[in-house]
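Here are the chains, one letter per residue:
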Amino acid sequence: MEQKHKQPNLEVRVKNIIEVDGLKFKDLNNNGKLEPYKDWRLSPGERAENLVSLMNIDEKVGMMLINTRQMGLSQKDKSKTSHDGLLDEGIVEKGETIFALAKVYGTTHTIENMHLRHFILRDNWSPSEMAEWVNTMNEVCEGSRLGIPCLIASNSRNENTEFIFGMNDAAGIFSTWPGTLGLAAAAKGDIKNGGDASLISQFAQIAHDEWDAVGLRKGYMYMADTVTDPRWQRIYGTFGEDPEFITDAIGRIIDGFQGKTLGNHSISMTTKHFPGGGPRENGFDPHYEEGKWNLYPTPGSLEKYHLPPFRAAVEHGTSSMMPYYSIPSIRKSVEQEFEGEVIPFEEVGFTFNDYFINKILREKLGFKGYINSDSGVTSKMSWGVETLSEAERFAKAINAGTDLISDTNDIENLKTAIENGWISEERINEANVRLLSEMFALGLFDDRTYVSPDQAAEAVKNPVNWEAAYEAHKKSVTVLKNHNQTLPLTGEKLEGKKVYVEVFHKEPERATSYTEKARQECQELGQFTLTDNHKEADIAFLFLSPKSGAYFNATLGLLELEICEDKTVSALDGTTYQETTLTGMNHLKEVADSIHIRGGKVIISVNVILPWILGNVEPLADVLIAGYDTYYKAHYEVIAGNSRPVGVLPLTLPASEAVIAVDENGDCVSRNDVPGYDKDKYMPEGLTYAYKDSDGNIYQLGHGLTF
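Worth saying up front: this structure is predicted, and the values here are computed from it rather than measured.

Some remarks on the packing of helix α11 (residues 390-399) against helix α12 (residues 411-419)
Packing of α11 against α12 leaves a shortest axis separation of 8 Å and a crossing angle of 70°. Considered as vectors, α11 and α12 are oriented roughly perpendicular to each other. Here E390, A391, F394, A395 and I398 of α11 come into contact with α12, specifically with N413, L414, T416 and A417. When its residues are assigned to classes, the contact of α11 with α12 shows six nonpolar, two polar and one charged.

What follows is the structure in structure tokens.
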């Protein structure tokens, strides 16, 4: 039996190594004995059961919370750091920052005295600096009573995007791919051309290698949500509106990051947001109260459109699931079924929803991992349980099956719930066994506690990975309209022609800096003669980056999807206000007109992070392109014909405001719970959902021209 066991390479920084049967083990509690939890020959489950039996209540409570933790490098006051500036020891009072829903203590205190072992990293330093930080965190953990290591989680880091807290905390350090919608556009284009979605598998494998080298071992990703309501702020982070494609993509993501089983080089995945965040009430987001409802007005929609990607996540062994904040609405839904049984809607957020977690996810779908709540469910986004105390909210969530409460260090309220007998010891132990089993499987107790900062730097700068990412950028470029075969702009078409480049954005200062970048990249390609003066240009490349709404606050009215400036719109209370999604609309028209007067060509690219209504810009364009946080340079390669267009739309773009209009009762003319490609089945007579351009192209799921 013994010779089967290959001795792992163990490193300790604080505790000792003991030898038993000629093999080495970490003596994590320094008692000279080999308890089962230290024995790497045993299964993760056996080790977790043993460790939980040795833990006290405070250690178990700390294990069930995960909180944001910044690196010492981000602490401006260096006197508030330890370990040569690596760990942040600053104290943040409650409410001082967006993270501080409760008082935040220094890193060492949080590990040693509060016993937290799960942390979210949102900082974006170099790979070797992140690796050093992870090592130092684990060194502090190793010095604790039982030597339990910590697990560092992060939101996605491999997509090219503007910073939005809680969704894109970090970009540009790891290999940088287009946004998630761009990955979908590229992979769906490959499928249309007779291939498959292996681009998603390649993305996952490359990102996995980078994360693994740095020591980030848990991803809060990816979104398995099917887009059905076009005004939802989170759309850009999804794989679009096609449940069949999302199902395939999620399976590939989990296989690429985790491997076939969870092992010591896996990145454990937290698939979100069960059972799907797509069916919003007219786009409002559940980060604020106005968006707390999920609506299912269409028979069968939950089972048909929203649950299939989560089934795939379970089948591929996702390590954990994150339920959404929202509440299933009884009033605005019809009865939904799953596998022939009617689903009883309890009007509480899905983290608190016993039937969805235990009956659907665990019993029917066979989910074996743990449930990780979304951030702030016991303090801010506690929809449906607002009248409960915070301790009662902890009890409600944990008794409904949630094992890890996110973005909090509130050990007091969780402990109160346990001391009051609202959560059984058995349930606390069950959650701890689930959480620790993951850590054991990841090798964090053995040979994967520490990583090499040098290898982290090497892995991330691998040029092969960056080239693969750039190929995906090129493939994501989606040509929606190509009037009179304007593209490709080959050498002879460009003979003696001058090109004008400008970027438009909602924020003028960003527009200026992005324009500089776009011009520089155009220059570097060396295929175009540039001019700074649109009045002397024969061709214009205009990049539009519209923005709408804010992630944490409701708009006064419905989220604006038209590309517009100073548009008068109605608030929900009937008053009017001005809305801008893109600054410089008059200038945009002026540039396009001046080019057209001289018989020139206007090429417009719109950054699709939401399904924009394009009626104000499409008529100005000879060529209309959709990008998804896609590099400017990748656009130029397609425009010049160096790269054949592959991308297709991963979602349907609405025809006009009329097809997403909401009446005085708050009911939308197109179904909130049905994807764009199927909305016409439920539209009133005379209304068609998808946008149709002046060339007759219909901008529905899968549309994309090539040449």
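Comments concerning the packing of aromatic side chains
Under the defined criterion, the tally for this structure stands at 23 aromatic pairs. Ring geometry for F203 and Y222: centres 5.9 Å apart, planes at 75°, overall edge-to-face. On the criterion of sequence distance, the pair formed by F203 in helix α6 (residues 198-214) and Y222 in the loop between β8 (218-219) and α7 (243-258) is long-range, its members being 19 residues apart. Each member of the pair F203 and Y222 is classed as buried. When the centroid spacing of 5.1 Å and the interplanar angle of 85° are considered together, the rings of F528 and F541 count as edge-to-face. On the criterion of sequence distance, the pair formed by F528 in the loop between α17 (508-525) and β19 (529-530) and F541 in strand β20 (residues 539-545) is long-range, its members being 13 residues apart. On the basis of relative accessibility, which here comes to 8%, the residue F528 falls in the buried class. Grouping aromatic residues by their ring pairs yields a cluster made of F174, W177, F203, W211, Y222, F239 and F257. The positively charged end of R13 is found above the aromatic ring belonging to Y450, 4.2 Å away from the centroid. When the ring centre of Y689 is taken as reference, the NZ or CZ atom of K679 above it lies at 5.4 Å.

Let's talk about the pattern of salt bridges
Taken as a whole and assessed by the stated rule, the structure comprises 43 salt bridges. The partner of E507 in a salt bridge is R510, and the shortest N-O contact between them spans 2.9 Å. Looking at E507, the relative accessible area reads 30%, which means it is partly exposed. When its relative accessible area of 29% is taken as the criterion, R510 is described as partly exposed.

The rules behind these values
Residues numbered from 1 in each chain as written. Predicted model: local features only at pLDDT ≥ 70, side-chain atom pairs only at ≥ 80, totals over all residues. Heavy atoms only, no water. Axes fitted to C-alpha atoms, helices over the stretch in contact; angles between N-to-C directions. Helix = DSSP H or I, 4+ residues; strand = E, 2+ residues; numbered from the N terminus. Parallel < 35°, antiparallel > 145°, perpendicular 65-115°, else oblique. Contact = heavy atoms within 4.5 Å. Nonpolar A, V, L, I, M, F, W, Y, C, P; charged D, E, K, R; others polar. Phe/Tyr/Trp six-rings, centres within 6.5 Å; stacked < 30°, edge-to-face > 60°. Buried < 20%, exposed > 50% of the residue type's maximum accessible area, 1.4 Å probe, protein only. Lys NZ or Arg CZ within 6 Å of the ring centre and 35° of its normal. Salt bridge = Lys/Arg side-chain N within 4 Å of Asp/Glu carboxyl O.

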